Amino acid sequence: MNSVSTTKKITLTAVAVSVGLVALSACGGSSDSGDKADSKSVTLVTHDSFNVSKDVLKAFEKSSGYKVDVLKDGDAGAAVNKAILSKDNPQGDVFFGVDNTLLSRALDNGLFQSYEAKGSDQIASQFRVDQGKHRVTPVDSGDICVNYDKKYFADKKLAPPESFADLTKPAYKDLLVTENASTSSPGLGFLLGTAAQYGDDGWQGYWKKLKDNGVKVVDGWEQAYNEEFSGSAGGKKAKGDRPLVVSYASSPPVEVRYAKPQPKEAPTGVATGTCFRQVEYAGLLGNAQNEKGGKALLDFLISAEFQEDMPLNMFVNPVREGSKLPELFTEHGVSVDKPETMAPKKIADNREQWVKSWTSLVLK
Amino acid sequence: MAVPVAFFAVFFAYPVAAIVARGLKVGGQWQFGRIAEVVGQSDVRHVLWFTTWQALASTALTLLIALPGAYVFARFEFRGKQILRAVVTVPFVLPTVVVGTAFLALLGRGGLLDEMWGVRLDTTVWAILLAHVFFNYAVVVRTVGGLWSQLDPRQEEAARMLGASRWTAWRTVTLPALGPAVAAASLMVFLFTFTSFGVVQILGGPAYSTLEVEIYRQTAQLLDLSTAAVLTIVQFAAVGAILAVHAWTVRRRESVLKLVDASVVARRPRGAGQWSLLGGVMVTIAVLILLPLGVLIERSLSGPDGYGFTYYKELTSAEGGAFLVPPIEAVWNSLQYALAATAIALAIGGLAAAALTRKAGRLVRGFDALLMLPLGVSAVTVGFGFLITLDKPPLDLRSTWILVPLAQALVGVPFVVRTMLPVLRAVDGRLREAAAVLGASPLRAWREVDLPMVRRALLIAAGFAFAVSLGEFGATVFIARPDNPTLPVAVARLLGRAGELNYGQAMALSTILMVVCAVSLLLLERLRTDRTTGEF
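Just so you know, these numbers come straight off a predicted model, no measurement behind them.

J.: Talk me through the overall build of chain A; I want residue IDs and the actual numbers.
T.: Counting its regular elements, chain A contains 13 helices and 10 strands. Within chain A, the proportion of its 364 residues that are buried is 55%. The long-range fraction of contacts in chain A, counting pairs at least 24 apart against all pairs at least 6 apart in sequence, stands at 75%. Of the accessible surface of chain A, which amounts to about 15600 Å², a share of 52% is contributed by carbon and sulfur atoms.

J.: Can you break down the overall build of chain B residue by residue, with the values?
T.: On a plain count of helices and strands, chain B comes out with 25 helices and four strands. Residues classed as buried in chain B amount to 58% of the 536 residues present. Pairs at least 24 apart in sequence give 79% of the contacts found in chain B among residues at least 6 apart. Carbon and sulfur atoms make up 65% of the accessible area of chain B, which amounts to about 21000 Å² in all.

J.: Could you give an account of the nonpolar core, with specific residues and numbers?
T.: Counting 223 residues, the largest nonpolar core has Phe-95, Val-98, Phe-112 and Phe-306 of chain A together with Phe-7, Phe-386 and Met-420 of chain B as the members making the most contacts within it. Ranked by residues supplied to this core, first place goes to helix H7 (residues 125-148) of chain B with 16 residues. Setting aside residues up to four positions removed in sequence, Phe-7 of chain B forms contacts with Phe-12, Ile-344, Ile-348, Leu-406, Ala-409 and Leu-410 of chain B. Of all hydrophobic cores here, the second largest spans 32 residues; its members include Leu-175, Phe-190, Phe-276 and Met-342 of chain A.

J.: Break down the packing of helix H11 (residues 211-221) of chain B against helix H19 (residues 379-389) of chain B for me, with residues and values.
T.: Residue and element names in this part refer to chain B. Packing of H11 against H19 brings their axes to within 8 Å, and their N-to-C directions diverge by 30°. In terms of orientation, H11 lies roughly parallel with respect to H19. Residues Glu-212, Ile-215, Tyr-216, Thr-219 and Ala-220 of H11 form the contact with H19, whose own contacting residues are Ala-379, Val-380, Thr-381 and Phe-384.

J.: Just give me the short version of the packing of helix H1 (residues 2-24) of chain B against H19 of chain B, but keep the residues and values in it.
T.: If you want to describe how two helices pack, look at the angle between their axes and the distance between the axes. Residues and elements named next belong to chain B. Where H1 contacts H19, the axes come no closer than 8 Å and their chain directions differ by 90°. It follows from the interaxial angle that H1 and H19 lie roughly perpendicular. Contacts between H1 and H19 involve Phe-11, Phe-12, Tyr-14, Pro-15, Val-16, Ala-18, Ile-19 and Arg-22 from the first element and Thr-381, Val-382, Phe-384, Gly-385, Phe-386, Ile-388 and Thr-389 from the second. Residues belonging to the contact of H1 with H19 are distributed by class as follows: 11 nonpolar, three polar and one charged.

J.: Go over the state of the cysteines, please, and point to the residues and values.
T.: Residues and elements named next belong to chain A. This model, assessed by the stated rule, comprises one disulfide over all chains. A sulfur-sulfur separation of 2.0 Å characterises the disulfide bridge that pairs Cys-145 with Cys-275. Every disulfide takes its handedness from the sign of the S-S torsion; for Cys-145 and Cys-275 that torsion is 115°, giving right-handed. Of the two residues, Cys-145 sits in strand S5 (residues 137-149) while Cys-275 sits in strand S9 (residues 268-285), which places them 130 residues apart along the sequence.

J.: Got a sec to walk through the packing of aromatic side chains? Specific residues and values, please.
T.: All names here are of chain A. Within this structure, the stated rule accounts for 27 aromatic pairs over all chains. On the numbers, 4.4 Å between centres and 20° between planes, the contact of Phe-60 with Phe-300 is stacked. You can see Phe-60 sitting in helix H2 (residues 54-64) and its partner Phe-300 sitting in helix H10 (residues 291-301), a full 240 residues away along the chain. Owing to a relative accessible area of 7%, Phe-60 belongs among the buried residues under this scheme.

J.: Which residues make up the side chain of Gln-235 of chain B, and what are the values?
T.: Take Gln-235 of chain B: it is sitting in helix H12 (residues 225-253). Looking at Gln-235 of chain B, the relative accessible area reads 1%, which means it is buried.

J.: I'd like to hear about the environment of Trp-358 of chain A, residue by residue, with values.
T.: Residue and element names in this part refer to chain A. Secondary-structure assignment places Trp-358 in helix H13 (residues 344-363). Along the backbone, Trp-358 and Ser-182 are 176 residues apart, and their C-alpha atoms lie at a distance of 8.9 Å. Once residues lying within four places of it in the same chain are set aside, the contact partners of Trp-358 are Glu-179, Asn-180, Ala-181, Leu-191, Trp-203, Trp-207, Val-217 and Leu-363.

J.: Before we move on, can you summarise the confidence of the model for chain A with the specific residues and values?
T.: All names here are of chain A. With 89% of its residues at a pLDDT of at least 70, chain A reaches an overall mean of 85. Low confidence marks residues 1-7, where pLDDT is under 50. Its contacts with residues over four positions away, or in another chain, come to nine contacts. Contacts from residues 20-37, a stretch scored under 50 in pLDDT, to residues over four places away or in other chains number 25 contacts.

J.: So what about a nonpolar patch on the surface? Which residues, and what values?
T.: A cluster of nonpolar side chains, namely Leu-112, Met-116, Trp-117, Val-119, Val-283, Val-287 and Leu-291 of chain B, defines an oily patch on the protein surface of about 660 Å² accessible area. Put simply, the parts of the chain that give the nonpolar patch at least two residues each are helix H6 (112-117) and helix H14 (271-301) of chain B.

J.: Now, about unusual backbone geometry: what can you tell me, with residues and values included?
T.: Residue and element names in this part refer to chain A. The backbone phi angle of Asp-174 is positive, close to 60°, even though this residue is not glycine. Along the chain, the position of Asp-174 falls in the loop between helix H5 (150-155) and strand S6 (176-179). In the Ramachandran plot, Phe-315 falls in the positive-phi region, its phi being about 55° despite a non-glycine side chain. Positionally, Phe-315 belongs in the loop between helix H11 (304-314) and strand S10 (317-318).

J.: Could you give an account of the pattern of salt bridges, with specific residues and numbers?
T.: All names here are of chain A. Taken as a whole and assessed by the stated rule, the structure comprises 12 salt bridges over all chains. Asp-143 is the salt-bridge partner of Arg-277, the closest N and O atoms lying 2.9 Å from each other. In this pair, Arg-277 sits in strand S9 while Asp-143 sits in strand S5, placing the two residues 134 residues apart along the sequence. Asp-143 shares its class with Arg-277; the two are buried.

J.: Would you mind going over the pairing of strand S3 (residues 94-99) of chain A in detail, with residue names and values included?
T.: Residue and element names in this part refer to chain A. Among the six residues that make up S3, six are buried, leaving the element largely enclosed by the rest of the structure. With two bridges connecting them, strand S1 (residues 41-46) and S3 associate as parallel partners. The residue of S3 that forms the bridge with Leu-44 is Val-94. Relative to S9, S3 runs antiparallel, the two being bridged by five bridges. Counted as the bridge partner of Asp-99 is Glu-280 from S9.

J.: Before we move on, can you summarise the pairing of S6 of chain A with the specific residues and values?
T.: All names here are of chain A. Alternating positions in S6 separate into two faces, Leu-176 and Thr-178 on one and Val-177 and Glu-179 on the other, with burial throughout. By the bridge criterion, two bridges tie S6 to strand S8 (residues 244-248) in an arrangement that is parallel. From the neighbouring strand, Val-177 faces S8, where its bridge partner is Val-245. Alignment of S6 against strand S7 (residues 216-218), held across three bridges, turns out to be parallel. Along S7, the bridge assignment pairs Thr-178 with Val-217. In terms of handedness, the path from S6 via helix H6 (residues 185-212) over to S7 forms a crossover that is right-handed.

J.: Describe the side chain of Thr-89 of chain B, listing the residues and the values that go with them.
T.: Residue and element names in this part refer to chain B. Summarising the element assignment, Thr-89 is placed in helix H4 (residues 81-93). Under the relative-accessibility criterion, Thr-89 is labelled buried at 1%. At 2.7 Å, the side chain of Thr-89 forms a polar contact with the backbone oxygen of Arg-85. In this structure the side chain of Thr-89 is engaged in a polar contact, spanning 2.9 Å, whose partner is the side chain of Arg-142. If we skip the residues at most four places from it in the chain, Thr-89 touches Ala-138, Arg-142, Phe-464 and Leu-521.

Scoring rules and cut-offs
- Residues numbered from 1 in each chain as written.
- Chains lettered and ligands numbered in written order.
- Predicted model: local features only at pLDDT ≥ 70, side-chain atom pairs only at ≥ 80, totals over all residues.
- Heavy atoms only, no water.
- Helix = DSSP H or I, 4+ residues; strand = E, 2+ residues; numbered from the N terminus.
- Buried < 20%, exposed > 50% of the residue type's maximum accessible area, 1.4 Å probe, protein only.
- Contact = heavy atoms within 4.5 Å.
- Areas by Shrake-Rupley, 256 points an atom, 1.4 Å probe, with all protein chains shown as cover.
- Core = buried A, V, L, I, M, F, W, Y, C linked by side-chain atoms within 4.5 Å.
- Axes fitted to C-alpha atoms, helices over the stretch in contact; angles between N-to-C directions.
- Parallel < 35°, antiparallel > 145°, perpendicular 65-115°, else oblique.
- Nonpolar A, V, L, I, M, F, W, Y, C, P; charged D, E, K, R; others polar.
- Disulfide = S-S within 2.5 Å.
- Phe/Tyr/Trp six-rings, centres within 6.5 Å; stacked < 30°, edge-to-face > 60°.
- pLDDT = per-residue confidence, 0-100.
- Patch = residues over 30% accessible without salt bridge, like charges linked within 9 Å, V, L, I, M, F, W, Y side chains within 5 Å.
- Salt bridge = Lys/Arg side-chain N within 4 Å of Asp/Glu carboxyl O.
- Pairing = 2+ DSSP bridges.
- Right-handed = clockwise from strand over helix to strand, strands pointing away.
- Polar contact = N/O pair within 3.5 Å; in protein donor to acceptor, adjacent residues only side chain to side chain.

Spelled out as C-alpha cells, the structure:
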C-alpha cells in the first residue's frame, strides 16, 4: 500500500517536472516549427550542395509572389532516398538534385508528377530524357574527370595522362586516388565511365590493371581531393602525395576562385579523356501541397537568370542553350567534348551488380 | 507501467517494425527467405565477423586500460578526483562524429602522430579500437569503480591474516565480488562497440564496416530496404542476447555484498607502488582522453592567421552557405531539443523505474531489459522508421519540432531507469510509516522522506538524459529539419564541406558541445552521493 502511494508520487513529480520542462521548451521551440506550407510559400527539397545567389532568389520571390523555403536534406543519394520513402507525404513541393545515376530509381518509385516547365524547349537536346512524360526537367550537367597536379608533372617533366588507358601505364604507377564507388558519387561516376569505355565485359579487366598500377581508394571525395591529392589547396596543406584524383571538370576554376590571392593560372588540370557526364534533374513531387508554386519554381530553375547564376555557386554547367558562362569558367575550366555517357535505365539495371563486383575486385 | 509501454510501442516498436516490414514484405507477402539469403552472402558474413571481433577486441582493450583506473578512482583519495571523474565521462556523451574528428586530427594525415613520428593510424583497426577505449573508459570506471569503492577491504585483509598471499586474497575475495560488475561493464562496452556507427564510419575507411554502418549504407545510399531489414533483425537478435546476459549479471550483482561507505575506504596512496599506479593511470588518461579533447580545442583556435577566435566568430554568420542560419543557432536548437528530450525521458523513465520497483518477477525483469533495447537498435532504422510512420494523422509529427526530442528521449530513458532504480529500491518503507505514525500527512511524509532521497537521483538522471540527448546523432540526423540543425548534425554537415573555414567551424562547434557536456557532468559530480550506485 505504502509503496504504491510512493510510486504514485514519484510519478506525479516526474510528470510535473516534465510538463513544466516541455512547456518551457515549447515556448522557445514553437517559433521554429515547420508549419504547413501555405499557398504563399513553396518548398524546394534538395541536397547539401545546392546554392543560389541571394539576389537571384529574391528576384524570383518578388516576381512570383512565393516565398521559397530551401530544405537541404543530406548528400545527394540520401536526399533522393528520403524523398522516395516519404513520397506519400512529401516534405516539399519540388525536388532538385537527382542525377542520371539515380534517375531510374526515382522514376520507378513514382517520385514525380508530370509537368513540362516553361522554357524546356531552350534546353540542349542532349540532356532531355523522359520526353513523353515530362516527369523531370534537366537543370545542370557536370563531368567527373581525373584531375592532375600541374606542378608535379612539370617538375617530373612527365606529360599528364589523357585517357583511361594512360592511367594503367607504368609512368603513372601509384599516382591516382579515387573514391569508393559504393559510397561516393564521383567514385561511382568514374566506375561508370570505365564501364562505358570498356563495356560490360571489359571494365573488370581494366580495374585489375588499375589496381596493379597502385590506385588508392578512399571513402569520399572530401578525403580524396582535400587530403590525398597534391594539387588542391586543402591537399597541399595536408601534405597529400597523389598528383592524380577523380574529381570534376569544374574543379580547376574552384581552385582559382577560392585562393587568396587568385593565381593567374589554375594549379590543376583535367584529363579530358577520362570523363563521365553527370546530369542533375528536378521534378514536381507527386503529392506536392503547392502544385502551382512548384511549377513556378521549376520554371525558375531553367530560367536564364538561375542557369547563369549556377556555375559560380554549384560549379556545374547550365543546360539552357545560349547561357553565358562566367569568365572564370571559360578561362580556367575545360570543355569536355566527348564525355562517356550512359542511359539511366542501363545504369539502374547494372549499378548494384557492378558496384558489388567492383568492391570485391578492388577493395578486398 | 502503461505509459512507458505505450510510449515504447508507439515511438519505438511501431516505427522499427514498420521499416523492417517495408523491407521484408513485398506485395503483402512476407519474404522470410530473404533472411537466409542475405545472411548467406559472403560480404554480409564478413561484416558480421568484423563487427563481432572488433567489439570483442575493443571490450578487452577497454577493460585492460580502464580497470586500473577503476581501482584508482575507487581506492585512492587525491586532489581533483571529482573533476577528473567528470572529465573522463565527457567522451562517453560526446557524439561520435566529434570523437571521430578528434581522432582523425590526432592519428590521421597531418595529425600529431604523423607530424612527430610519421605514424598514421587512420583507416586502420587501431584507430577504431583506440577511439572505442576513449569512448567507454568511463563505463568501466563508473560501473566497476562504483562497486569497488564500497567493498569492505577488511575482508581481504582478513584473508591475508589467515595466511593467504596478496594475490590469493584478491583472487578469492575481491575478484568474485567484483566479477558481476566487471561482467556488466564488459557487456555494456560490448553493446556500445557492437553497434558502433560514427567512429567506424569516420575512422574505418572503405574496408571496415560494422552492421550498423552497413544498415546505414543499405538504407540511405542503396535504398536496399530488404537487406537493411535483415541486417536490422540480425543486430536486434544479437543485442537482445547481449541484454539477456546483461540482465542476468545485474541480477547476480544484486545478491548480497557487504558494502561500506566509499569515503571510509578511499585514502591517499602510500608507497612507491601505489604512487606509480596513480601516476600510470594519470598518464593514460592524459594521453588517451585529454589529448584528443585538447586537439579539438587546439584546432578550433588555430585560425588562418595564428591562434584566435576567428572560427567562433564565423559561427555567428550565415554567409558560409552550409546552412540558412548562422551555425551558432544550432547551439540554441540543441539546448531546446535536449531540454524537451530530458523532460520526456524523465517522465517515461521515472514511471518505468517506479513500476519496476513496485513489481517483481520474470515479466518485469524482461521489461527492464527491453527498456535498454533502444541503445542497441540502429539509430538509422529508428530515424527512417519515424520518417515513414509518424507522417499521418493522428500522429502527423514529421514536420513538428517534437520529433527530435522524442527520438532523443528513446536513448535517454535507459539511463534514467538505470539511475533511478537502485535508489528507489533502497527507500525504506518503514521510514514513511514512522512519519505517518508521528502524525505526518501523506504529502508531508512524502516530502520529508521520499523527496530528499529521490531528488538527487532524479537530478542525476536528468543530467545524463540531457547530455545523451545533446549528443545523439544517428536518429537526429535523419529527422532534424535542415533549417533547425542540432549541434552534432551541424558539426557533421560542416565537416562534409570543403574548405578551411568549414573545418574550423566544425572544431569550434565541437568544442562548444564538449564544454556544455562537461559542465553538465561536473554539476552531476557535485550531486553524486555515496548512495547512488547506479550503473553510470
